[in-house]
Amino acid sequence: MIDLSTIPSPLVQIVIGLIGVLAFVGLNGLVCVYLERKVAGHIQRRPGPFEVGPHGILQPLADAVKLVAKQMITPKGADPILYWAAPLISFAPAIACFLPLPFGPKLQNVSINVGLILILAFSSLNVLALCLAGWSSQNKWSLLGAARDIAQSVAYEIPLLLSLLPIILLTGSLNLAEITQTQGPWPWQWLVVKQPLAFIIFFVCVFAETNRAPFDLPEAESELTAGFHTEYSGMGFGLFFLAEYSYMVVGCALASILFLGGYQGPVASGWWWFLLKVYALLLVMMWVRWTYPRVRFDQLLNLAWKWFIPLSLLNILITALVVKL
Amino acid sequence: MDKIGLGVFLAHVLIIVAGGLVTVFARSLVRALTGLIATLFGVAGLYFLMAAPFIGVMQVLIYVGAVSILIFFAIAFTKSSHLGEEARPRKQSQWFFLLSVPGLVIFSLGYLLIKFIPQGFLQPQETQVKDLGGFFLGPYMLPFELISLVLLVAMMGAVILGFEKKIKRED
């Protein structure tokens, strides 16, 4: 038996936080599936899911039950261990990314001094999971998806990291709670006013990081069947899906913490402002997905290397000069 | 070191050793790479245990997130079959070399560490990232800049190698 009094309180705190994060990730998956299908429907002038529950609001539950109940099939010739490890490797770091996020003034699981880099490090693990999934499926579409994923990460990782350096220069901290507190409650006190370029570059890179259209090259359903997750059935596919939505929330949460003042708002600062900003950005991501066509591979590389890297380097230089003067 | 700390430390050591064994003994190259990644991850965890979270996350960001993915890129598209030269049973002399080199390193390093262990490392203190940056641009300026020079040379070398291939193909 474990005696609860011998466990130091931070440990209990982390466990409770983890349970909270897991609940949030699950709920967020349901909400995002519904939102995505409804947004897609309305953009294409159709109602979207409508049959299950009022306005189809129970549709994600039906989808989830279907995914859980489906048989999990390992393709012939696939590497069984890596094949089933890949969805887990994709999903687990997403949970870790939620830990340093300050949802509210006192709603932060782990107050770690390097929270920003922790999120960047763990979200880069998704690339690895997609590679393993694509390679171990023994399917040419999957392998092509994996190859595209690597090349995509080569394209966006550098501008993603470079675009955040001016924020660190301005705030002098890597702790997300401290970065939030350096901004005020009013929109003109947010860092997006001082760093509009960094915000645009970061947000575009988040699209690439989460493999969302127009940068959904690794899955590209019209070219590669379903890319890296072609062979996955049941919850194998479900975990990839859940991970993608979790990374979207993490990306939008980072954007709102770093550039939009986090949980602070003009009236009554709190977690509701944070969630409002995050889901507003998520809606923008869905809006973009159903508006723009997929870019070609070289277009993404050109955009990242010829525009974003020089621009973000210039941005760093100017910010450093302004901070010093 | 309290009991929880010891347990966590042993768990990390287990991950590192198991990952290393998988790296050495796996028949498929990608599985070996996965073992290597597990080892690197375990080392990152050890940095966290030593109250150096910045180095820990940097380890994840650079080694797990970037370097291993590039290694993956290099080996995933080679045909690494289960029947290649690597998959044959090893000769006795190979086993000798396989075990002697790491054994020598482990014993010599372990001996040195036990003999000359510095005091006061049992309760590590976290160093602020700001202080780390100060060190890089203060007392350790020269090594820091030398490392960036080495990286620059490596990058230029890669670019030149890439260009050479292109020229040859045109001939």
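Examining the overall build of chain B
Line of reasoning, step 1. Counting its secondary structure elements, chain B contains six helices and zero strands.
Line of reasoning, step 2. Seen in sequence order, chain B has helices and strands lined up from the N terminus as α-α-α-α-α-α.
Line of reasoning, step 3. Per-residue burial for chain B yields a buried fraction of 20% across its 171 residues.
Line of reasoning, step 4. Looking at chain B alone, contacts between residues at least 24 apart form 55% of all its contacts between residues at least 6 apart.
Line of reasoning, step 5. Surface exposure of chain B reaches about 13,100 Å², of which carbon and sulfur atoms provide 74%.

Describing the pattern of salt bridges
Residue and element names in this part refer to chain A.
Line of reasoning, step 1. Under the defined criterion, the tally for this structure stands at six salt bridges over all chains.
Line of reasoning, step 2. Between D216 and R294 there is a salt bridge whose closest N-O contact spans 2.8 Å. Taken together, the residues span a long stretch of sequence, with D216 in the loop between α9 (196-209) and α10 (234-259) and R294 in the loop between α11 (271-289) and α12 (297-324) at a distance of 78 residues.
Line of reasoning, step 3. Residues joined by salt bridges that share partners form a network here, namely E36, R212, E244 and R289.

Overview of the nonpolar core
Line of reasoning, step 1. Ranked by size, the top nonpolar core spans 102 residues in total, and within it F98, L258 and F259 of chain A together with F72 of chain B carry the most contacts.
Line of reasoning, step 2. A per-element tally of this core places α10 of chain A first, with 15 residues.

Structural notes on unusual backbone geometry
Residues and elements named next belong to chain A.
Line of reasoning, step 1. Positive phi is not limited to glycine here, since R45 has a value of about 55°.
Line of reasoning, step 2. Inspection of the secondary structure puts R45 in the loop between α1 (9-43) and α2 (59-69).
Line of reasoning, step 3. Non-glycine residue N211 carries a positive phi angle of around 55°.
Line of reasoning, step 4. Tracing the sequence through the fold places N211 in the loop between α9 and α10.
Line of reasoning, step 5. The exposure class of N211 is buried, given its relative accessible area of 5%.

Side note on the interface of chain B and chain A
Interface extent is often summarised as the accessible area lost during association of the parts.
Line of reasoning, step 1. Counting from both sides, the interface comprises 27 residues of chain B and, opposite them, 26 residues of chain A.
Line of reasoning, step 2. Together chain B and chain A conceal approximately 2,300 Å² of surface at their shared face, both sides included; 82% is due to carbon and sulfur atoms.
Line of reasoning, step 3. Of all residues in chain B, L61, I69 and F72 of chain B give up the largest surface area on contact with chain A, accounting jointly for 24% of the area buried on that side.
Line of reasoning, step 4. For the pair chain B and chain A, the number of links is zero salt bridges.

What to know about the confidence of the model for chain B
Residues and elements named next belong to chain B.
Line of reasoning, step 1. When pLDDT is averaged along chain B, the result is 81, and 82% of the positions lie at 70 or above.
Line of reasoning, step 2. Looking over chain B, one finds the lowest element-wise mean pLDDT in helix α6 (residues 141-170), namely 82, and the highest in helix α2 (residues 29-49), namely 88.
Line of reasoning, step 3. In the predicted complex, the global pTM is 0.83; the interface-specific ipTM is 0.78.

Some words on the side chain of E209 of chain A
Residues and elements named next belong to chain A.
Line of reasoning, step 1. Tracing the backbone shows E209 in helix α9.
Line of reasoning, step 2. No salt bridge is formed by the buried E209; the nearest opposite charge belongs to R212, separated by 13 Å.
Line of reasoning, step 3. Reaching out from E209, the side chain makes a polar contact with the side chain of S123 at a distance of 3.0 Å.
Line of reasoning, step 4. In contact with E209, other than residues within four places in its own chain, are S123, S124, Y156 and L160.

Thoughts on the side chain of T319 of chain A
Residue and element names in this part refer to chain A.
Line of reasoning, step 1. Looking at the secondary structure, you find T319 in helix α12.
Line of reasoning, step 2. One polar contact links the side chain of T319 to the main-chain carbonyl oxygen of N315, over a distance of 2.5 Å.
Line of reasoning, step 3. Look past the residues within four positions of T319 in its chain and what remains in contact with it is P166, L169, L170 and Q195.

What about a nonpolar patch on the surface?
Line of reasoning, step 1. Residues L142, L146, L149, L152, V153, M155, M156 and I160 of chain B make up a contiguous nonpolar surface patch of roughly 820 Å² in combined accessible area.
Line of reasoning, step 2. Mapped onto the secondary structure, V153 of chain B falls in helix α6.

Side note on the confidence of the model for chain A
Residues and elements named next belong to chain A.
Line of reasoning, step 1. Scored by pLDDT, chain A has a mean of 83; 98% of the residues are at 70 or more.
Line of reasoning, step 2. The least confident element of chain A, judged by mean pLDDT, is helix α8 (residues 191-194) at 82; the most confident is α9 at 89.
Line of reasoning, step 3. Contacts for the low-pLDDT stretch residues 1-5, under 50 throughout, to residues beyond four places or in other chains number one contact.

Some points on helix α1 (residues 3-25) of chain B
Residue and element names in this part refer to chain B.
Line of reasoning, step 1. The terminal C-alpha atoms of α1, which comprises 23 residues, lie 33 Å apart, in line with the 33 Å expected from a rise of 1.5 Å per residue.
Line of reasoning, step 2. What α1 keeps buried is the set G5, H12, I16 and G19.
Line of reasoning, step 3. Tucked into the core, α1 has its buried residues touching α2.

So, the environment of E223 of chain A
All names here are of chain A.
Line of reasoning, step 1. Within the fold, E223 resides in the loop between α9 and α10.
Line of reasoning, step 2. C-alpha separation for the pair E223 and G145, spaced 78 residues apart in sequence, amounts to 9.8 Å.
Line of reasoning, step 3. Each residue touching E223, except ones within four places of it in the same chain, is listed here: W141, R148 and R294.

Description of the packing of helix α6 (residues 140-171) of chain A against α9 of chain A
Residue and element names in this part refer to chain A.
Line of reasoning, step 1. One can describe the packing of α6 onto α9 by two numbers: an axis separation of 9 Å at closest approach and a directional angle of 150°. Viewed along their axes, α6 and α9 adopt a mutual orientation that is roughly antiparallel. For the crossing formed where α6 meets α9, the hand is left-handed. Each of Q152, Y156, P159, L160, S163 and L164 in α6 lies in contact with α9, whose residues at this interface are A198, I201, F202, C205, V206, A208 and E209.
Line of reasoning, step 2. The residue makeup of the contact of α6 with α9, split by class, is ten nonpolar, two polar and one charged.

What about the packing of aromatic side chains?
Residue and element names in this part refer to chain A.
Line of reasoning, step 1. As enumerated under the stated definition, the model contains 18 aromatic pairs over all chains in all.
Line of reasoning, step 2. Judged by centre distance (5.9 Å) and plane angle (5°), the rings of F199 and F203 are stacked. Placement of the pair is F199 and F203 together in helix α9, with a separation of four residues, close to one helical turn. Accessibility assignment for this pair places F199 and F203 in one class, buried.
Line of reasoning, step 3. On the basis of an interplanar angle of 65° and a centroid distance of 5.5 Å, the ring pair of W271 and W272 is categorised as edge-to-face.
Line of reasoning, step 4. Site record: aromatic cluster; members linked through ring pairs are F199, F202, F203, F207 and F259.
Line of reasoning, step 5. Between the NZ or CZ atom of K140 and the centre of the ring of W141, over which it lies, the distance is 5.4 Å.

About the criteria used
Residues numbered from 1 in each chain as written. Chains lettered and ligands numbered in written order. Predicted model: local features only at pLDDT ≥ 70, side-chain atom pairs only at ≥ 80, totals over all residues. Heavy atoms only, no water. Helix = DSSP H or I, 4+ residues; strand = E, 2+ residues; numbered from the N terminus. Buried < 20%, exposed > 50% of the residue type's maximum accessible area, 1.4 Å probe, protein only. Contact = heavy atoms within 4.5 Å. Areas by Shrake-Rupley, 256 points an atom, 1.4 Å probe, with all protein chains shown as cover. Salt bridge = Lys/Arg side-chain N within 4 Å of Asp/Glu carboxyl O. Core = buried A, V, L, I, M, F, W, Y, C linked by side-chain atoms within 4.5 Å. Buried area = accessible area lost by both parts, 1.4 Å probe. pLDDT = per-residue confidence, 0-100. Lys, Arg positive; Asp, Glu negative; His and termini not counted. Polar contact = N/O pair within 3.5 Å; in protein donor to acceptor, adjacent residues only side chain to side chain. Patch = residues over 30% accessible without salt bridge, like charges linked within 9 Å, V, L, I, M, F, W, Y side chains within 5 Å. Expected span 1.5 Å × (residues − 1). Axes fitted to C-alpha atoms, helices over the stretch in contact; angles between N-to-C directions. Parallel < 35°, antiparallel > 145°, perpendicular 65-115°, else oblique. Left-handed = near helix turned anticlockwise from the far one by under 90°. Nonpolar A, V, L, I, M, F, W, Y, C, P; charged D, E, K, R; others polar. Phe/Tyr/Trp six-rings, centres within 6.5 Å; stacked < 30°, edge-to-face > 60°. Lys NZ or Arg CZ within 6 Å of the ring centre and 35° of its normal.

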